Amino acid sequence: MPDRRRVLAGGLAVLASGAAPRLARAASAPAMIMREIEARAGTASLLEDGGPLTDIWGFGGGVPGPVLRVEQGARVRVRLKNSLPQPTTIHWHGIRIDNANDGVAGLTQEAVPPGETFDYDFVAPDAGTFWYHPHNRSWEQLARGLYGTLIVDEPEPPAVDQDLVLNFDDWRLDSAGKLHEESFGSLMDWSHAGRLGNVLTVNGKPFETISVKAGDRLRLRVLNTSNARVLSFRFTDHVPMLIALDGQPVEPAALAGDLILAPGERADVMLDMALAPGAKASIEEVSGQDGLEIARFVYHPSETAREHPLDAPMRLAANPLVRGLELGDALSQDLLMEGGAMGGMAGARMGGEMMDMRALVGRGMAWAFNGVVGMEQTPLLSAARGRTVRIPMINDTGWPHAIHIHGHHFRVLERNGAPVAGEAWKDTVLVAPRERVVVAFVADNPGKWMLHCHMLEHQAAGMGTWFAVA
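Below is a summary of the structure that appears in this document. The structure displayed is predicted, hence computed values, not measured ones.

**Focus on the sheet that holds strand β14 (residues 241–245)**
Overall, mixed pairing links the six strands, which are arranged β10-β9-β12-β17-β14-β15 in an open sheet. Two strands bound the open sheet, and with one partner strand each, they are β10 (199–202) and β15 (248–254). Strand-to-strand twist of the sheet, defined as the mean angle between neighbouring strand axes without regard to direction, takes the value 20 degrees. Pairing of β14 with β15 involves four bridges; the strand directions are antiparallel. If you follow Met 241 over to β15, its bridge partner there is Ala 254.

Shown next, in the form of structure tokens:
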């Protein structure tokens, strides 16, 4: 069995309940929530074997922040109270809400200063697994722990015995178990893979034990909230059924291989606990050379939930997305990714001025979209409401990029010229080095929407732009 005490590769290499059956619907999802969430300092136990507590920033002072849960169509009213030493916001990742509540500092709102508040008020139109995090100095604030999960329940959720959130994150800690603050803003990170941590957690803990009974059915909501690390999960001795990606239902199907999630991506999977009472089985993170056990299913030694798998459908009801892509009349706009270490980008435009690479690096910039570094006054594209938008994404760099589009869900149409089968609708897509990925969506949500790399150091170093929907 892999040693879960082995630290993650690629970072700073210094460290190493059972639930009663619930077979009708998700419990206690309200028709509306009203609450205050305070962004403040706190501590977390990120290390095994009673290691030192780590100083973090968290919504509610903990990591992850509180799980917010509502019914589909419910109104969400959240007051953000900022008790941090920096301005911050809340971005509701993957939720197709009105633009004023998107939480992007400098585009949809001003960042909330220390000591002040901001009210978010929106309706959650889609059922699914979403999350929330800041969109001001995201590269630092997420690395300090500012994020949480938002679950929007279906009117008739599928029957399961347990509905569990598995929120994965990597942390860069020093030898004393503290956040490695000296590397915040490191140009090495910003121009390479991004900030990679050396300690992996699940739900803010170094390890998760999941108590089950033989015959149980579980719904696992798996999130990658890392700054930059692409995570890969293997469920030993079980057959996960994929039922949703990025909050949008897919045709249930057994996973073909490992579950790979880029930063910002989510997946819902169903697992039937098919082993005998007393058994144990692992969830391993296998993106590195060696697997790392991060969670374990522990079967009750004698009790059985049922003798045979639950005879109930896994398929989720479709969300009210506009799916009619009019590709023949689509507004097409390339997104060319350039720059980074060993990228060969000679220069780009920043703030309306052409600069060579040396000058850009002197300003902490290393990446460009279409020859432009960072957000400018002119949008990447302007679309009339209801117009289909087609974006060929061309990764002309030596590094992967997780491209996230705000306010909309898109379909991946092609990879390197080959059509992509299936009807998955996503808000984040991983584009490998030298890969070309074509996506399309209906621009039906008016406003100014951000498009950026969710390797957050890449965004900070130039990979961020915006588009307008009239």
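The rest of the description comes next.
**Topic: the sheet that holds strand β1 (residues 32–44)**
If you trace the four strands from one edge of the open sheet to the other, you get β2-β1-β4-β6, paired in mixed fashion. Here the strands that pair on one side only, and so sit at the sheet edges, are β2 (54–59) and β6 (117–123). Shown here is a sheet whose adjacent strand axes are inclined to one another by a mean of 20 degrees, direction ignored. Two elements, β1 and strand β4 (residues 75–82), share eight bridges in a ladder whose sense is parallel. Looking at β4, one finds that Arg 35 is bridged to Val 78.

**Description of the nonpolar core**
Counting residues in each nonpolar core, the largest one holds 64 residues, and the members touching the most others are Ile 391, Met 393, Ile 403, Ile 405, Val 429, Val 439 and Leu 451. Considering each element in turn, this core owes the most residues, four residues, to strand β32 (residues 436–443). Not counting residues within four places of it along the chain, the set of residues in contact with Ile 405 comprises Ile 391, Met 393, Phe 410, Asp 427, Val 439, Phe 441, Met 450, Leu 451 and Phe 467. Membership of the second largest hydrophobic core comes to 29 residues, among which are Phe 233, Leu 242, Leu 245 and Ala 267.

**Structural notes on the packing of aromatic side chains**
Scanning the model with the defined rule gives nine aromatic pairs in all. Judged by centre distance (5.4 Å) and plane angle (50 degrees), the rings of Phe 59 and Tyr 132 are tilted. In this pair, Phe 59 is assigned in strand β2 and Tyr 132 in strand β7 (residues 128–133), connecting sequence segments 73 residues apart. Here the two residues Phe 59 and Tyr 132 agree in accessibility, since each one is buried. Judged by centre distance (4.3 Å) and plane angle (40 degrees), the rings of Phe 168 and Phe 233 are tilted. Of this pair, Phe 168 sits in strand β9 (residues 162–171) while Phe 233 is found in strand β13 (residues 231–235), placing the two residues 65 residues apart along the sequence. There is no split in this pair, since Phe 168 and Phe 233 are both buried. Chaining the aromatic ring pairs together yields one cluster made of Phe 59, Trp 92, Phe 118, Tyr 120, Phe 122 and Tyr 132.

**Concerning unusual backbone geometry**
Residue Val 63 is joined to Pro 64 through a cis peptide bond whose omega torsion reads -10 degrees. Note that Pro 64 resides in the loop between β2 and β3 (68–71). We note that Asn 370 has phi near 50 degrees; this positive angle belongs to a residue other than glycine. The residue Asn 370 is located in the loop between β24 (367–369) and β25 (382–383) in this model. Residue class for Asn 370 comes out partly exposed when judged on its relative accessible area of 29%.

**Things to note about the side chain of Arg 229**
By secondary structure assignment, the location of Arg 229 is in the loop between β12 (217–224) and β13. In this structure Arg 229 comes out as buried when scored by relative accessible area, which is 8%.

**Quick notes on the pattern of salt bridges**
All told, the structure shown has 34 salt bridges when counted by the stated rule. Put simply, Asp 246 and Arg 266 hold a salt bridge, and the shortest N to O gap is 3.5 Å. Of the two residues, Asp 246 is situated in the loop between β14 and β15 and Arg 266 in strand β17 (residues 266–272); the sequence distance between them amounts to 20 residues. The buried category is assigned to Arg 266, whose relative accessible area is 0%. A salt bridge links Arg 434 to Asp 396; the nearest nitrogen and oxygen atoms lie 2.9 Å apart. With Arg 434 in the loop between β31 (428–431) and β32 and Asp 396 in the loop between β26 (387–395) and β27 (401–405), this residue pair connects regions lying 38 residues apart in the sequence. Taken together, the salt bridges that share partners define one network made up of Arg 69, Asp 153, Glu 154, Asp 163, Arg 219, Arg 221 and Asp 268.

The rules behind the values
- Residues numbered from 1 in each chain as written.
- Predicted model: local features only at pLDDT ≥ 70, side-chain atom pairs only at ≥ 80, totals over all residues.
- Heavy atoms only, no water.
- Pairing = 2+ DSSP bridges.
- Helix = DSSP H or I, 4+ residues; strand = E, 2+ residues; numbered from the N terminus.
- Axes fitted to C-alpha atoms, helices over the stretch in contact; angles between N-to-C directions.
- Core = buried A, V, L, I, M, F, W, Y, C linked by side-chain atoms within 4.5 Å.
- Buried < 20%, exposed > 50% of the residue type's maximum accessible area, 1.4 Å probe, protein only.
- Contact = heavy atoms within 4.5 Å.
- Phe/Tyr/Trp six-rings, centres within 6.5 Å; stacked < 30°, edge-to-face > 60°.
- Salt bridge = Lys/Arg side-chain N within 4 Å of Asp/Glu carboxyl O.

Any functional reading would require information that these geometric values do not contain.
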